[in-house]
Amino acid sequence: SATYVIDKLEERKLVSRRPCATDRRALYVDLTREGRALIRRIFPGHAKAVEAAMAGLPLEEQQEVTELLKRLGRSAQSTL
């Protein structure tokens with residue numbers, strides 16, 4: 001579950017929890033300095049893996065997949 005994953009990330013000092021000012025049931029999860037450093041370190045490899053995974057698609061389909069993933073991300077953000 002998400003709570004378990006966040007607990008583990010918090011134990012490793014990669015994230016911190018912050019209460020929502022308008023909804024006591026909700027919490028925000030923020031990257032810590034250590035979490036941001038980890039992302040900076042591992043993201044280039046992640047980007048290369050995504051690029052390799054999409055290499056089998058024609059450029060037009062790569063662009064379509066990218067746009068769809070962006071739309072999914074924006075949709076997820078708007079539900080928070």
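Now for a description of the structure that goes with this document. Just so we're clear, the structure is a prediction, and the values are computed from it rather than from any experiment. Residue numbers restart at each chain and count upward from 1, following the sequence in its written direction. Given that the model is predicted, a residue must reach a pLDDT of at least 70 before its local features are reported, and side-chain atom pairs must reach 80 or more before they are shown or counted; all residues, however, enter totals for whole chains, interfaces and linings. Based on all heavy atoms of the structure, the side-chain values leave hydrogens and waters out of the count.

1. Focus: the pattern of salt bridges
- Salt bridges are identified by distance alone: a Lys or Arg side-chain nitrogen within 4 Å of an Asp or Glu carboxyl oxygen. Under the definition given, this model contains 6 salt bridges.
- The shortest N-O distance in the salt bridge between Arg18 and Asp30 comes to 2.8 Å. Of this pair, Arg18 sits in strand 1 (residues 15–19) while Asp30 is found in strand 2 (residues 27–31), placing the two residues 12 residues apart along the sequence.
- Summary of the burial criterion: residues with accessible area below 20% of their type's maximum are buried, those above 50% are exposed, and those between are partly exposed, where the area comes from a 1.4 Å probe applied to protein chains only. Relative accessible area serves as the criterion here: at 39%, Arg18 is assigned to the partly exposed category.
- A relative accessible area of 26% means that Asp30 is categorised as partly exposed. Think of it this way: any DSSP run of H or I at least four residues long counts as a helix, any run of E at least two long counts as a strand, and we number them from the N terminus.

2. Thoughts on helix 2 (residues 33–54)
- A helix is expected to span 1.5 Å for every residue after the first. The end-to-end C-alpha separation of helix 2 is 31 Å, in line with the 32 Å expected for 22 residues at 1.5 Å each.
- Where helix 2 is concerned, the buried positions are Gly35, Leu38 and Met54.
- Buried residues in helix 2 make contact with strand 2 and helix 3 (59–78). Whether two residues touch is decided by their heavy atoms; if any such pair falls within 4.5 Å, the residues are in contact.

3. Overview of unusual backbone geometry
- Phi is positive for Lys13, close to 65 degrees, though the residue is something other than glycine.
- Within the secondary structure, Lys13 is located in the loop between helix 1 (2–11) and strand 1.
- Accessibility expressed as a relative area gives 55% for Lys13, which makes it exposed.

Everything listed is a geometric property; what it means functionally is a separate question.
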